[in-house]
Every structure is written in C-alpha cells, then in structure tokens.
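Results of the structural survey
Single-letter residue listing:
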Amino acid sequence: MKVGIKHSRIWLFCTLAVALCVSTNATGQTFTMIKSFGLSEGATPQSQLVQGADGTLYGAAGIIFKIQPDGTGFAVVKQFTNSVDGSGSVGGVTLSGSTLYGTTVSGPGSQRGSVFRMNIDGTGYTLLKIFTNSDGASIDGAFPYASLTLSDNTLYGTTYLGGSSNLGVVFKVNTDGTAFAVLKNCNAIDGSYPEAALVVSGSTLYGTTVNWGITGDGTVFKVNTDGTGFAVLKNFAFGEAANSFSAPALSGTTLYGTTAQSDGVGRGTVFKINTDGTGFVVLRNFARSEG
C-alpha cells in the first residue's frame, strides 16, 4: 500500500515571482511560505496545483481548497464526509472552465475510491464513478491516487490497485459519468501499481508504473485511448533508474520524468525517453546531499 507522506505543509510560489526570478537570473530570490495547513483545513498535500483564469489556485489536501498566489483568500471548497461523497482526495484536481475534476481514495463500506466533479465554488458535487470491492475483487480498479487527465469530454486516470490482477488499472470515463472502461489491467510483466497521472497526445496515453515489469522496478508505457496498442517503452532497473511515482512530461516526441531510485548510491533520477521507446538517458542522478 501507499507509504504515508511525512510532510504536513505546502509551500506555494507566486507564479509572477517565479517567472521574474527565472527571467532575470536574480541571485536574491525570496522563498515564501504562503500557507501552513492545520487539521481542520486539510493535511499532507502531495499533489500539483491548478490555476484558474482569474489566478486562483486549487488543490487537494484530503479536502479541496483554493488560495490566491499571495497567500490570501484560502478557503475549503469541499470537505469530504466519508459517508456518501468519499474521502481522502490526494491526487489533485483538474480544471476545465469553472469545473473541477478529481478523485478520492476511500469511502464508506466497500468503496475503494471515486471520480468526482464539482464547480469551483463548491456546488454541484457529483460522483462520476465509484470504485468498489465486490466480493473481494475490485475489477474496475481501486485507490486512484493520481489526478485525472482531461481530453475533449473524457477523463483518463489510473488506480494503484484493483483490476484482474489487483495490480492497478488505466481507465477512462466521460465527464458526465458515462462510458467507464478499463483500458489496461496492469500485471507483473507490463508493470504494476500505477500511482501517477497520465499524459495524452492525440490518441495515445503515456504513463509510469512503480513496480514490476521485466526487471521488477517499474516501467514507462503507452496505450491508445481506446485500450489498444499497449507497449512498454522502458523497463526500469535498480542500478540505473527505478520506481517512478510521477507522471511524465511530454515535449514534442520526448518524455521527461523522475524515478525515486537511481544507481544504488544516489537518491533518484531525472530521465528522458522518446515516445517510441528509444533514446533513454538519465539526465541527473541526485546525490544524497541534494535530495
């Protein structure tokens, strides 16, 4: 199961300030903590933020919250009750217009997480998909830790467990809750425990798994949005790069990502790989003194 995150605070940077520092190469950059969470406001935020057209930042910390880039205007947009709506939203939210889409990782009874949508003002909360443990088998998936990827009117995501092998799935569901489908049942050969979001390009999804694959330390994979064309692009191996918990970033035909393990001496890597599986390169091995 997922290891708990140790940190209980989030440090957010004003977008304008970051851009200014980068463009001027200033040496006197200022670090500012604009929000420290208390238990009544959420805790252990561990996902990326999204920014609305008016500059408001939205995120997840067990609850769904919003905050201005200067630290003002913090508000809980959604407090989960664990009675009907589910609980434990940790994967972050996806924003489209005035609608937020996200996931929860638990819920009442046999619930093993959900996909939801809501308005940015907290109204209109709707469950699009509930993952359940039916007769001990979460065939559709269980525990969606990652944020969702939106393309047209379809949401794409992953679950950490569940599926035919109970090693996670890649799924899709329409923004109105219809047409849910499992695109890929993860297994020990192709990679297992997908914990990160997907990136989409045209009709192809790219993602990572934490473990298994031929060498046992996770994979980079691709699959078409209709579930066809699955392929492992890279089998990670301890001693090179291993265990990717993060979504890849796509630029042109190159994927960039990170792994938690590296060469046995370091503390993880930054890597790149082409979308056809060629050109894998470790760009950075982090030393123990660096992270």
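Regarding the overall build of the chain
Within the chain, the regular secondary structure consists of 1 helix and 20 strands. Looking at the chain alone, contacts between residues at least 24 apart form 38% of all its contacts between residues at least 6 apart. Entry remark: accessible area of the chain is about 13,200 Å², with carbon and sulfur atoms responsible for 51%.

A closer look at the pairing of strand 11 (residues 169-174)
Relative to strand 11, strand 10 (residues 154-159) runs antiparallel, the two sharing 6 bridges. The partner of threonine 159 across the bridge, within strand 11, is valine 169. The sheet contact formed by strand 11 and strand 12 (residues 181-185) spans 4 bridges and is antiparallel. Bridge assignment links valine 170 to a residue of strand 12, and that residue is lysine 184. Connecting strand 11 to the next strand, strand 12, in antiparallel fashion are 6 residues, including glycine 177 with a positive phi near 90°.

Some points on the pattern of salt bridges
Scanning the model with the defined rule gives 4 salt bridges in all. Aspartate 190 is the salt-bridge partner of lysine 184, the closest N and O atoms lying 2.6 Å from each other.

Section: unusual backbone geometry
Phi is positive for alanine 179, which is not a glycine, with a value near 60°. The backbone of tyrosine 193 sits at a positive phi, close to 60°, despite the residue not being glycine. Its location among the elements puts tyrosine 193 in the loop between strand 12 and strand 13 (199-201).

Some thoughts on the packing of aromatic side chains
Tallied over the full model, the rule gives 15 aromatic pairs. Here the basic side chain of lysine 78 rests over the ring of tyrosine 125, its NZ or CZ set 4.2 Å away from the ring centre. When the ring centre of phenylalanine 280 is taken as origin, the NZ or CZ atom of lysine 234, which lies over that ring, is 4.2 Å away.

Quick word on the environment of valine 105
Among the structural elements, valine 105 can be located in the loop between strand 6 (99-104) and strand 7 (111-119). When the C-alpha atoms of valine 105 and tyrosine 145 are compared, they prove to be 6.4 Å apart, with 40 residues separating the residues in sequence. Excluding its chain neighbours within four sequence positions, the residues that come into contact with valine 105 are Ser87, Gly88, Val90, Arg112, Gly113, Phe143, Pro144 and Tyr145.

Some thoughts on the confidence of the model for the chain
Do not read the fine detail of predicted coordinates wherever pLDDT is low. Summary statistics for the chain give a mean pLDDT of 87 and a share of 88% for residues scoring 70 or more. Within the model, pLDDT remains below 50 along residues 1-26, and this stretch shows 34 contacts once partners closer than five positions in the same chain are excluded.

A short note on the sheet that holds strand 5 (residues 93-96)
Taken in spatial order, the 4 strands line up as 5-6-7-8 in an open sheet, and their pairing is antiparallel. The open sheet terminates on both sides in strands that have one partner only, identified here as strand 5 and strand 8 (126-132). Here the strands of the sheet are splayed against their neighbours by 15° on average, with no regard to which way each runs. Alignment of strand 6 against strand 7, held across 6 bridges, turns out to be antiparallel. Note that in strand 7 the partner of glycine 102 across the bridge is phenylalanine 116.

What about the nonpolar core?
Counting 11 residues, the largest nonpolar core is built from Val50, Tyr58, Ala60, Ile64, Val77, Phe80, Val93, Leu100, Phe116, Met118 and Tyr125. Contributions of two or more residues to this core are made by strand 2 (57-60) and strand 7. The residues contacting tyrosine 125, other than those within four sequence positions of it, are Lys78, Phe80, Asp85, Thr104, Phe116, Arg117 and Met118. In terms of nonpolar packing, the next biggest core, distinct from the first, is built from 10 residues, Val199, Leu233, Ile273 and Phe280 among them.

The rules behind the values
Residues numbered from 1 in each chain as written. Predicted model: local features only at pLDDT ≥ 70, side-chain atom pairs only at ≥ 80, totals over all residues. Heavy atoms only, no water. Helix = DSSP H or I, 4+ residues; strand = E, 2+ residues; numbered from the N terminus. Contact = heavy atoms within 4.5 Å. Areas by Shrake-Rupley, 256 points an atom, 1.4 Å probe, with all protein chains shown as cover. Pairing = 2+ DSSP bridges. Salt bridge = Lys/Arg side-chain N within 4 Å of Asp/Glu carboxyl O. Phe/Tyr/Trp six-rings, centres within 6.5 Å; stacked < 30°, edge-to-face > 60°. Lys NZ or Arg CZ within 6 Å of the ring centre and 35° of its normal. pLDDT = per-residue confidence, 0-100. Axes fitted to C-alpha atoms, helices over the stretch in contact; angles between N-to-C directions. Core = buried A, V, L, I, M, F, W, Y, C linked by side-chain atoms within 4.5 Å. Buried < 20%, exposed > 50% of the residue type's maximum accessible area, 1.4 Å probe, protein only.

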